[in-house]
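The lines below spell out each chain.
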Amino acid sequence: MNSFAPLQNDTFLRALRREPTDYTPIWLMRQAGRYLPEYRATRAQAGSFMQLAQNPDLATEVTLQPIDRYGLDAAILFSDILTVPDAMGLGLRFVENEGPKFDRPLQDEVAVHRLEVPDMAKLQYVFDAVTQIRQSLNGRVPLIGFAGSPYTIACYMVEGGSSSEFRTIKTMMYTRPDLLHHILSVNAQATALYLNAQIDAGAQAVMIFDTWGGSLSHSAYKEFSLAYMRQVIGALKRNVDGESVPVIVFTKGGGQWLEAMSEIGADALGLDWTTNLAEAKKRVAGKVALQGNIDPSILFGSEALIRQTARLVLDEYGADAGHVFNLGHGISQFVQPDAVKYLVDEVHAYSRQIRGAK
């Protein structure tokens, strides 16, 4: 059993549990990444993205870089959602300026039925990184573990890489739904095991990234994405050593399904920037916390605009408990680092002001 330092700043975890906090906590999706010069230096040292992700020392280093630079309220494991299908033997590689590619995509019945839940030992490098990061944080802020949703991972597995049309997976969905359900069932089992292993290694909250769920129709979303995220959440460890382990679910483009999402057992729902935070708060009716949801492109604006927009988002939610400030999706590699400082500082200062005036 790992032994870790006591947590000094639990604001993020309390917000996920909808408990009162002195201010609104903030972290950013992709906060460890290419917009930081120190990340680019470490990435160059590693030689490739996967060599960086598979090296616990370097993964720890880049995870802590934004924590050292900004007053963020949570760290998130540096990894990738495609580590699980890589462990399934699909042959993951990253092509410069193109993104992930699989050498053996799931595009015929034989390949689909050959798919199995991977041995978690193949992902030990991830769990080693989680433990090392947690130890290196020394209680400063909580550590978030994560995985892709079963459907989002399936998109890459079936398409063989990134896609804008999702023609291959949607053809499978509408002609051989049995094959897609098999993939999703295996993915759900693997994802639950993977997240539980991260929790065992020291993750204090976990997040499910459903990046491509928003590309589905209303009925298809519930059948092929939401149902399998419910399965994953139902299999997760939610309490470790007397401490709750909150679960965040984020479907990009999923604002129309908030009511259904609030019923699957998650503690918090992530919102992209297309959903009004005040309306979302009414719709979930206190069942879950909300995370989000400023447009990441705001960070290309002036300092005054960044601060003003942060205040607008905070005003939309108000002073009630249960809000974690975040971007509506990942930070761009082209953002200037100072822009993040303006955002973090404004969220902390203005949310304290709101609570003081309540």
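Residues numbered from 1 in each chain as written. Predicted model: local features only at pLDDT ≥ 70, side-chain atom pairs only at ≥ 80, totals over all residues. Heavy atoms only, no water.

## Let's talk about the packing of helix 2 (residues 37-46) against helix 4 (residues 56-69)
Remark: helix 2 packs on helix 4, axes separated minimally by 10 Å, with the N-to-C direction vectors making an angle of 175°. By the angle between their directions, the pair helix 2 and helix 4 is classed as roughly antiparallel. Listed contacts from helix 4 to Pro37, Glu38, Tyr39, Thr42, Gln45 and Ala46 of helix 2 are Leu58, Glu61, Val62, Gln65 and Arg69. Considered class by class, the residues forming the contact of helix 2 with helix 4 number five nonpolar, three polar and three charged. (Axes fitted to C-alpha atoms, helices over the stretch in contact; angles between N-to-C directions. Helix = DSSP H or I, 4+ residues; strand = E, 2+ residues; numbered from the N terminus. Parallel < 35°, antiparallel > 145°, perpendicular 65-115°, else oblique. Contact = heavy atoms within 4.5 Å. Nonpolar A, V, L, I, M, F, W, Y, C, P; charged D, E, K, R; others polar.)

## A word on the nonpolar core
Ranked by internal contacts, the top residues of the largest apolar core, which has 135 residues, are Phe12 and Leu343. With 13 residues, the top contributor of residues to this core is helix 10 (residues 177-201). Each residue touching Phe12, except ones within four places of it in the same chain, is listed here: Pro25, Trp27, Asp73, Ala74, Pro142, Ile144, Ala205, Ile248, Gln291 and Val324. (Core = buried A, V, L, I, M, F, W, Y, C linked by side-chain atoms within 4.5 Å. Buried < 20%, exposed > 50% of the residue type's maximum accessible area, 1.4 Å probe, protein only.)

## Topic: the packing of aromatic side chains
Tallied over the full model, the rule gives seven aromatic pairs. Ring centres 5.7 Å apart and planes at 55° place the aromatic pair Tyr39 and Phe78 in the tilted group. Of this pair, Tyr39 sits in helix 2 while Phe78 sits in the loop between strand 1 (75-76) and helix 5 (83-87), and the two are 39 residues apart along the sequence. Of the two residues examined, Tyr39 and Phe78, each falls in the buried class. Seen from their ring centres, Tyr221 and Trp257 are 3.8 Å apart, and the 5° between their planes marks the pair as stacked. Residue Tyr221 is found in helix 11 (residues 218-234), and its partner Trp257 is found in the loop between strand 8 (247-251) and helix 12 (258-261); the two are separated by 36 residues along the sequence. (Phe/Tyr/Trp six-rings, centres within 6.5 Å; stacked < 30°, edge-to-face > 60°.)

## Quick look at the environment of Pro37
Counting through the fold element by element, Pro37 comes out in helix 2. Looking at Pro37, the relative accessible area reads 38%, which means it is partly exposed. Sequence separation between Pro37 and Gln336 is 299 residues, and the spatial gap between their C-alpha atoms is 9.8 Å. Those residues in contact with Pro37, other than ones at most four positions away along the chain, are Arg69 and Pro337.

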